[in-house]
Amino acid sequence: MVERLIDRADPGSGDIILLPEMFPSGFYYEDLDGMADEAPRVIEWMSATAAGRSLAIAGSIPEKGEGGILNSFVFVNEEGEPMGSYPKVHLFPLAGEDHFFVPGEKAVTFSWNDVTVGLLTCFDLRFPEMARKLCLGGARIVLVSAQWPEARIGHFTDLVRIRAMENQLYIAAANSCGDDEKGLILGGHSLIAGPMGEVVVMMGKDEGTGSAPVDMLEVSRVRESFPVLSLRRPEVY
């Protein structure tokens with residue numbers, strides 16, 4: 001399915017393909033251990049796809065780590081090299097994630113093509129401290145891999161815009177859509193928000209692709225013209 005959608009999108013060299021949370025498996029708890037065993041093969045596919053198309057590819061997968069199974073957000077560059085892996089820090093208890101996964105213990109940023117990239121996964125959006133930590137770590141774009149329900153899709157789109165606005169950076173968020181066969185309807189509405197909180201592009205509720213260019217110079221322009229970050233007083237709060 002991902003390969004079909006990439007073909008339809010016809011991305012260019014140097015683009016990023018951003019995929020939803022648990023994109024190769026869904027939250028298939030009945031065989032999560034077996035799904036996590038497939039992580040090396042999935043990452044191998046990501047690497048081959050990225051190198052073969054000269055683009056980066058990123059998304060969340062179940063992966064075995066120390067102490068249990070991680071919800072790992074993996075980023076592979078256009079040469080097929082894994083650049084960053086972020087184990088989800090905030091596990092969503094209402095979906096039972098805390099019973100099946102072990103949480104990550106650190107925020108993750110890395111440099112890709114001279115741009116510092118940060119990673120968040122779904123529920124992490126509700127914790128402003130995480131996005132701020134990525135911002136203070138130099139991030140100028142944050143990628144979000146999500147599986148957010150339709151019932152709260154307004155929260156998803158608002159949080160993406162707000163986190164982008166308050167940190168004056170770009171956020172690109174890919175969300176799942178459709179019925180997960182357990183009665184949960186997923187909301188779609190993947191989007192990119194800019195450093196003033198503006199919506200650069202937003203998809204609908206159905207499967208598809210959306211794309212837009214992002215201008216890292218715009219991050220600098222916004223931060224210089226409206227210097228909120230430089231006026232922070234962390235000694236007070």
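For the structure given in this document, a descriptive report is provided here. Being a predicted model, the structure only gives us computed values, none of them experimental.

Here is what the cut-offs are and how they apply
Residues numbered from 1 in each chain as written. Predicted model: local features only at pLDDT ≥ 70, side-chain atom pairs only at ≥ 80, totals over all residues. Heavy atoms only, no water. Salt bridge = Lys/Arg side-chain N within 4 Å of Asp/Glu carboxyl O. Helix = DSSP H or I, 4+ residues; strand = E, 2+ residues; numbered from the N terminus. Axes fitted to C-alpha atoms, helices over the stretch in contact; angles between N-to-C directions. Parallel < 35°, antiparallel > 145°, perpendicular 65-115°, else oblique. Left-handed = near helix turned anticlockwise from the far one by under 90°. Contact = heavy atoms within 4.5 Å. Nonpolar A, V, L, I, M, F, W, Y, C, P; charged D, E, K, R; others polar. Buried < 20%, exposed > 50% of the residue type's maximum accessible area, 1.4 Å probe, protein only. 1 Å grid on protein atoms, 1.4 Å probe; cavity = no way out; pocket = protein on both sides within 12 Å on 5 of 7 lines; lining within 4 Å. Points joined across faces, edges and corners; volume = space filled by probe spheres on them. Lys, Arg positive; Asp, Glu negative; His and termini not counted. Polar contact = N/O pair within 3.5 Å; in protein donor to acceptor, adjacent residues only side chain to side chain.

It is worth spelling out the pattern of salt bridges at this point. Enumeration over the complete set of coordinates arrives at 11 salt bridges. When the shortest N-O distance is used, the salt bridge between Lys64 and Asp33 registers 3.1 Å. With a gap of 31 residues between them, Lys64 in strand 2 (residues 56–65) and Asp33 in helix 2 (residues 32–37) connect regions that are remote in the sequence. Here Arg233 ties to Glu235 by a salt bridge, and the two come within 3.3 Å at their closest N and O atoms. Because the salt bridges share partners, they merge into one network encompassing Glu21, Lys88 and Glu97.

Below, the discussion takes up the packing of helix 1 (residues 2–9) against helix 3 (residues 39–53). Where helix 1 meets helix 3, the axes come as close as 13 Å, and the angle between the chain directions of the two elements is 15°. In this view, helix 1 runs roughly parallel relative to helix 3, as classed from their interaxial angle. Two packed elements cross with a definite hand, and for helix 1 against helix 3 that hand is right-handed. Each of Val2, Glu3, Ile6 and Asp7 in helix 1 lies in contact with helix 3, whose residues at this interface are Trp45, Thr49 and Arg53. Considered class by class, the residues forming the contact of helix 1 with helix 3 number 3 nonpolar, 1 polar and 3 charged.

Now for the environment of Gly210. Structurally, Gly210 can be placed in the loop between strand 12 (199–202) and helix 7 (216–225). The exposure class of Gly210 is partly exposed, given its relative accessible area of 43%.

As a further point, take the layout of surface pockets. Space inside the second largest pocket adds up to approximately 220 Å³. What lines the second largest pocket is a set of 14 residues, and nearest its centre among them are Phe23, Pro24, Ser25, Arg41 and Val42. Those elements that place two or more of their residues in the lining of the second largest pocket are helix 1, helix 3 and strand 2. Considered class by class, the residues forming the lining of the second largest pocket number 10 nonpolar, 1 polar and 3 charged.

Within the secondary structure layout, Glu78 lies in the loop between strand 3 (68–76) and strand 4 (82–87). One buried charged residue, Glu78, remains without a salt bridge, the closest side chain of opposite sign being Arg53 at 14 Å. In terms of polar contacts, Glu78 uses its side chain to reach the side chain of Trp112, at 2.9 Å. Within the structure, Glu78 has its side chain in polar contact with the side chain of Asn113 (distance 3.1 Å). Filtering out sequence-adjacent residues up to four positions away, Glu78 remains in contact with Ala50, Ala51, Ser54, Leu55, Ala56, Trp112 and Asn113.

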